[in-house]
Amino acid sequence: MLDVTGCELTPDDKELLDHPLVGGVILFSRNYYDQKQLAQLIAQIRLAARNQVLIGVDHEGGRVQRFRDGFSAIPAMGAIYQQSAEDLTKAQHYCKTFGWLMAAECLAFDIDLSFAPVLDLNGVSDVIGDRSFHSQPEPLIQMASAFIKGMHSAGMKATGKHFPGHGNVKEDSHIAMPVDKRSLEQITQLDMQVFTRLNEMGLLDGVMPAHVVYPDVDDMPAGFSKVWLQTYLRKKMQFEGVIFSDDLSMQGAAFIGNFAARASAALNAGCDMVLVCNNPDAAVQVIDSLPSNLPDNPRLAKLVKAPSADFRALAKTGDYASALRTLEAYYNQ
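Residues numbered from 1 in each chain as written. Predicted model: local features only at pLDDT ≥ 70, side-chain atom pairs only at ≥ 80, totals over all residues. Heavy atoms only, no water.

Chemist: Tell me about the pattern of salt bridges, and please be specific about residues and values.
Modeler: For the coordinates displayed, the defined rule picks out 16 salt bridges. Overlapping salt bridges bring together Asp58, Glu60, Arg66, Arg131 and Lys161 as one network. (Salt bridge = Lys/Arg side-chain N within 4 Å of Asp/Glu carboxyl O.)

Chemist: Tell me about helix 5 (residues 137–154), residues and numbers included.
Modeler: Here helix 5 contains 18 residues, and its C-alpha end-to-end distance of 26 Å stays within 8% of the 26 Å for a straight helix at 1.5 Å per residue. For helix 5, every residue scored as buried is listed here: Pro137, Pro139, Leu140, Ile141, Met143, Ala144, Ser145, Ala146, Phe147, Ile148, Gly150 and Met151. The inward-facing, buried residues of helix 5 contact strand 3 (59–61), helix 3 (77–83), helix 4 (88–107), strand 5 (113–114), helix 6 (184–189) and helix 7 (191–200). (Helix = DSSP H or I, 4+ residues; strand = E, 2+ residues; numbered from the N terminus. Expected span 1.5 Å × (residues − 1). Buried < 20%, exposed > 50% of the residue type's maximum accessible area, 1.4 Å probe, protein only. Contact = heavy atoms within 4.5 Å.)

Chemist: Run through the UniProt feature "site: Important for catalytic activity" (unreviewed entry) in the protein chain, naming residues and quoting values.
Modeler: In the UniProt entry, the feature "site: Important for catalytic activity" (unreviewed entry) is given for Asp172. Each residue touching Asp172, except ones within four places of it in the same chain, is listed here: Val127 and Pro178. (UniProt positions renumbered as here; feature names shortened; annotations may be inferred.)

Chemist: Explain the side chain of Ser245 residue by residue, including any values.
Modeler: Structurally, Ser245 can be placed in strand 8 (residues 242–247). At a separation of 3.0 Å, a polar atom in the side chain of Ser245 contacts the main-chain amide nitrogen of Leu275. Those residues in contact with Ser245 that sit more than four places away from it in its chain are Met208, Pro209, Ala266, Cys271, Met273, Val274 and Leu275. (Polar contact = N/O pair within 3.5 Å; in protein donor to acceptor, adjacent residues only side chain to side chain.)

Chemist: If you had to explain the UniProt feature "binding site: substrate" (unreviewed entry) in the protein chain to someone new, which residues and values would you point to?
Modeler: Mapped onto this numbering, the UniProt entry gives "binding site: substrate" (unreviewed entry) at Asp58, Arg66, Arg131, Lys161 and His162. Among the annotated residues just listed, those lining the second largest pocket are Asp58, Arg66, Arg131, Lys161 and His162. Among the structural elements, Lys161 can be located in strand 6 (residues 159–163). If we ignore the near neighbours within four places in the chain, the residues touching Lys161 are Asp58, Glu60, Phe115, Pro117, Val118, Leu119, Asp120, Arg131, Phe195 and Met208. At 3.1 Å, the side chain of Lys161 and the side chain of Asp58 are in polar contact. Here His162 shows up in strand 6. Aside from chain neighbours lying at most four places away, what touches His162 is Asp120, Ile128, Arg131, Phe195, Met208, Pro209, Ala210 and Asp246. Within the structure, the side chain of His162 is placed 2.8 Å from the side chain of Asp120, a separation counted as a polar contact. (1 Å grid on protein atoms, 1.4 Å probe; cavity = no way out; pocket = protein on both sides within 12 Å on 5 of 7 lines; lining within 4 Å.)

Chemist: Tell me about the side chain of Asp218, and please be specific about residues and values.
Modeler: Tracing the sequence through the fold places Asp218 in the loop between strand 7 (206–209) and helix 8 (226–236). Buried charge without a partner: Asp218 forms no salt bridge, and the closest opposite charge is Lys226, 10.0 Å away. In this structure the side chain of Asp218 is engaged in a polar contact, spanning 2.6 Å, whose partner is the side chain of Ser225. What Asp218 contacts, discounting residues up to four positions off in sequence, is Val213, Ser225 and Val227. (Lys, Arg positive; Asp, Glu negative; His and termini not counted.)

Chemist: How would you summarise the layout of surface pockets if you had to cite specific residues and measurements?
Modeler: Vacant regions in the atomic arrangement are exposed by a probe of water-molecule size rolled over the atoms. Roughly 780 Å³ of internal volume is contained in the largest pocket. Only strand 9 (273–275), helix 10 (280–289) and helix 11 (298–301) provide two or more residues apiece to the lining of the largest pocket. Looking at side-chain class alone, the lining of the largest pocket contains 21 nonpolar, 6 polar and 2 charged residues. In this structure, the second largest pocket spans a volume of roughly 340 Å³. Along the wall of the second largest pocket there are 23 residues; nearest its centre are Asp58, Arg66, His174, Asp246 and Met250. Taken together, the elements giving at least two residues each to the lining of the second largest pocket come down to strand 6 and strand 8. (Points joined across faces, edges and corners; volume = space filled by probe spheres on them. Nonpolar A, V, L, I, M, F, W, Y, C, P; charged D, E, K, R; others polar.)

Chemist: An account of the sheet that holds strand 7 is needed here, citing residue identities and associated values.
Modeler: Pairing in this open sheet of 4 strands is parallel, and the strands run 6-7-8-9 from one edge to the other. In the strand order of this sheet, the two ends are held by strand 6 and strand 9, each with one partner. Ignoring strand direction, the axes of neighbouring strands in this sheet form an average angle of 25 degrees. Pairing between strand 8 and strand 9: 2 bridges, direction parallel. Across the sheet, Asp247 pairs through a bridge with Leu275, a residue of strand 9. Packed on one face of the sheet, helix 8 meets strand 6, strand 7 and strand 8 and runs near 145 degrees to strand 8. (Pairing = 2+ DSSP bridges. Axes fitted to C-alpha atoms, helices over the stretch in contact; angles between N-to-C directions.)

Chemist: So, the packing of aromatic side chains: which residues are in play, and what are the values?
Modeler: Each aromatic ring pair is specified by the distance between its two centres and by the angle formed by the two planes. According to the stated counting rule, one finds 16 aromatic pairs in the structure shown. Aromatic pair Phe163 and Trp228: ring centres 5.9 Å apart, planes at 90 degrees, arrangement edge-to-face. Placement of the pair is Phe163 in strand 6 and Trp228 in helix 8, with a sequence separation of 65 residues. On the accessibility criterion, Trp228 (0% relative accessible area) is buried. Considering the side-chain rings of Trp228 and Tyr232, the 5.2 Å spacing of their centres and the 40 degrees angle between planes classify their relative orientation as tilted. Of the two residues, Trp228 and Tyr232 are both situated in helix 8; the distance of 4 residues between them amounts to about one turn of the helix. Taken as a pair, Trp228 and Tyr232 share a single burial class, namely buried. An aromatic cluster is built from Tyr32, Phe67, Phe71, Phe109, Phe311 and Tyr320, whose rings are joined through pairwise contacts. (Phe/Tyr/Trp six-rings, centres within 6.5 Å; stacked < 30°, edge-to-face > 60°.)

Now the structure itself:
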């Protein structure tokens, strides 16, 4: 999965999208000007791509929402519990509504996935912070499950991140190599409990592992670790969904080696799809380094969106009007 340059495709973008190994495109704020332009860009991507690409975006709400003007202002997940006066039932209602609203708006523009929700505990990590629902596993599980059920009811699959938990390391893996020195027992009882429980509920369609080293378990960051991805996630947790690497351009991936080495290591560890963002030369390096005849991955096909209403049709529905009223009530209480 790679990105594109701007608000319309360049010749270089089109050439990359025609490569047989390109299976997805992730969109950023630079790819959005207004609703009409976004619809045209996505149509261009679908036309230029050789494969049926997954189109994704980080559209969590709060400070991580790529499309603003013309889209609903989804609140930061970490604000919902307090805004609900610590009433968990009320918070769950908001979460389910906002999960539906976020997903429905993205689906209306032919976007398959928002990489959400964040399942990390709100601990010491500044880069996670209010992207997290809560600092404790139980309310986090209750709120995240409601958010995912909202996504699912709109027709979007959910990707939980960042397995097994990024919230209890201070360093930002975008610019550093975080190391979580806690014991496996601590990680299992706190951070990992969220992923385990949601997977047991059948709510996790995808997982994105953290670029964090947990030395009590493995010397490799989780996204490059067969121990984390195969022994724990696949075998012990019996997770059957898609494993996405986090962005291989992040500093937390750099010690693995060049981009070709990072992609190979992530795939060998058990990732189904690797992300290379904000670095076109790196994306070229990766697709040139891998065998061009990699087999199709049936897990990925399960994340493709079903046909859905466009935005004009969505905006006329009672469900959309009701969700907007709930959003307004949330901000005005």
